[in-house]
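A structural walkthrough
Here are the chains, one letter per residue:
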Amino acid sequence: MQSIRARRKPQQQSPYVTRVAAGAAASALVLAVGAPAALGQDAAGPVGGERLGRPAVQVAPLAGAPALPAELTGRSWLVADAATGEVLAARDAHLPLPPASTLKMLFADTVLPKFDRSVEHRVTPAELAEVGAGSSLVGVKEDLSYRVEDLWRGVFLSSGNDAVHVLAHMNGGIRQTVAEMQARAGTLQARDTKVVSPDGYDMDGQVSSAYDLTLFARAGLRNADFRSYCATRTARFPGGLDKLTGLRGSFDIANTDRLLGKYPGLIGVKNGYTTNAGATFTGAAERDGRTLLVTVMHPEAQGKVYDEAAALLDWGFSAAGKVQPVGQLAEDTAATTPGAPGAPGTPAPAASAPEAAAATPLQPWTRPPLSSGDDPGLAPAVWTAAVLGTALAAWGTARTAARRRAAPAASPATAPGPVRPALPAHGGGGSTAVGGATGIGGRGRHGLTRRARALARTARARRTR
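For the rest of this paragraph, the subject is the packing of aromatic side chains. The way to describe two aromatic rings as a pair is by their centre distance and the angle between their planes. Considering all chains together, one arrives at seven aromatic pairs under this definition. Relative to Y229, the ring of F156 lies with its centre 5.9 Å away and its plane at 25°, an arrangement referred to as stacked. Of the two residues, F156 is situated in helix α5 (residues 148-156) and Y229 in helix α9 (residues 224-231); the sequence distance between them amounts to 73 residues. For R248, the ring lying beneath its charged end belongs to Y146, and the centroid distance is 4.6 Å.

Below you can see the structure in the form of structure tokens.
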């Protein structure tokens, strides 16, 4: 199996080999004092079953079951049935280890459902300021706009920490996103996971487990967008602006998952590597209507993570019906069935009309057109008639008042009666009394009246159809 290109992050304390030895010693000490149990179990025992809390390999073969692959060097691994949640075999399933970029699955579980994939966002310098030195990057540039779907391709294909940070800032910031990821881990019953950074960058205290990473993958694959992104092999990513032409270019990115397109039936999901975590990988594959999940953490050599994951998948498919499960993947407590209200990626239930109106009053320019009955086509006619009628009424009132102000006072000798204004000697005054032929009166007024009546008749006729 082809080895992946190293995306190394700066060593924080010691060279790789020393780190591995120190980590192994620390893990042995943790197992001795029961720390994994404190993370991955409650009073009822380890999450997923008692056997998953035991050290070493756990498998329960029946007659005719194939043997597990001979050379598995991962410090922790697990293979499970995605549909039933049955764990077919595992080694130190709840051992807390640095997760590297496989933690991005939890980031996607948390943030991906929140933003429409077509939304565009302009990146600010502050959003890229805290990306860790030596991080894997997709190539996001400040002061340029990106669609959400492009950023997610950068997360899944290139494992881009720059894309993660932009999306995290869109979500309210790094601190808020970390808190939401930790809460999401809780609803998934992923109790071995401690989130410090949203991208999986090496941070003190940040850990997960093979069991928890498998939960993240299982939950994510229930979201169609998550499944699409993790299965994408290549894509075009927006580039920068050409200084000569001013046009924006693009470039190809490829998925760093080396099993995608090589292992038959592989769906995804996410790989990772840092100096501290070593290689990590969670994958899903489908064969003959059966989908298996596999996670391998920290094998002896970086490239072996794919070899060992493929070997465990082969074993899992051949062991179907020939082994007893040694544990169970926990269900999402936020929603135990895909598509249920509150499930990741499921829209929130719509509020009733009165509740929606009270909660989010629409601004005038966003209100729907006035409708009459079931025919929205009546709205323009009704509005036009109403506006014309109101205008005519206002004009008539104003003109009547003007006539009264302009009329001469009645002589005491004159018999009581209505006072009539003196009409001009010609018709070119432009400010005539009602009945004249110029300005807005006379024929102009009658024309408007006829138009209003015609519109009203049209409205009534259409209403009765």
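Right, let's get into the environment of D288. Mapped onto the fold, D288 is located in the loop between β11 (278-287) and β12 (290-297). Judged by relative accessible area, which is 79%, D288 ranks as exposed. Counting along the chain gives 23 residues from D288 to G265, while the straight-line C-alpha distance between them is 9.4 Å.

What follows concerns helix α10 (residues 304-318). With 15 residues, α10 extends 21 Å from end C-alpha to end C-alpha; this agrees with the ideal 21 Å at 1.5 Å per step. Along α10, the positions that sit buried rather than exposed are V305, Y306, E308, A309, A310, L312, L313, W315, G316 and F317.

On to the pairing of strand β5 (residues 86-91), then. Note that strand β3 (residues 57-61) and β5 share three bridges and pair antiparallel. Opposite V59, over in β5, you have A89 as the bridge partner. Relative to β5, strand β4 (residues 76-81) is paired through four bridges, and the arrangement is antiparallel. Among the inter-strand pairings, A80 is bridged to a residue of β5, identified as V87. What sits between β4 and β5 in their antiparallel hairpin is a turn of four residues, with G85 showing a positive phi close to 80°.

Right, let's get into the nonpolar core. L78, V140, W152, F156, Y211, F216 and F226 are the most contacted members of the largest nonpolar core, which has 65 residues in total. No other element matches the seven residues that helix α8 (residues 210-220) contributes to this core. The contact partners of W152, leaving out residues within four places of it in the chain, are F107, A108, V111, L112, L167 and Y229.

Further remarks concern the confidence of the model for the protein chain. Residues at a pLDDT of 70 or more form 63% of the protein chain, whose mean pLDDT is 76. Every residue in residues 1-39 scores below 50 in pLDDT, and together they form 66 contacts with partners more than four places removed in sequence or on other chains. Contacts for the low-pLDDT stretch residues 407-445, under 50 throughout, to residues beyond four places or in other chains number 27 contacts.

Turning our eyes to something else, we now look at the packing of α5 against α9. For the pair α5 and α9, the least separation of the axes is 9 Å and the interaxial angle reads 55°. Classified by the angle their axes make, α5 and α9 are oblique. The handedness of the crossing between α5 and α9 comes out as right-handed. In contact with E149, W152, R153 and F156 of α5, α9 contributes F226, Y229 and C230.

What follows covers the pairing of β3. Every second residue of β3 is oriented toward a common face, the buried set being Q58 and A60 and the non-buried set V57, V59 and P61. Pairing geometry for β3 and strand β13 (residues 323-324), over two bridges, is antiparallel. Looking across to β13, one finds that A60 is bridged to Q324.

Rules used in this analysis
Residues numbered from 1 in each chain as written. Predicted model: local features only at pLDDT ≥ 70, side-chain atom pairs only at ≥ 80, totals over all residues. Heavy atoms only, no water. Phe/Tyr/Trp six-rings, centres within 6.5 Å; stacked < 30°, edge-to-face > 60°. Helix = DSSP H or I, 4+ residues; strand = E, 2+ residues; numbered from the N terminus. Lys NZ or Arg CZ within 6 Å of the ring centre and 35° of its normal. Buried < 20%, exposed > 50% of the residue type's maximum accessible area, 1.4 Å probe, protein only. Expected span 1.5 Å × (residues − 1). Pairing = 2+ DSSP bridges. Core = buried A, V, L, I, M, F, W, Y, C linked by side-chain atoms within 4.5 Å. Contact = heavy atoms within 4.5 Å. pLDDT = per-residue confidence, 0-100. Axes fitted to C-alpha atoms, helices over the stretch in contact; angles between N-to-C directions. Parallel < 35°, antiparallel > 145°, perpendicular 65-115°, else oblique. Left-handed = near helix turned anticlockwise from the far one by under 90°.

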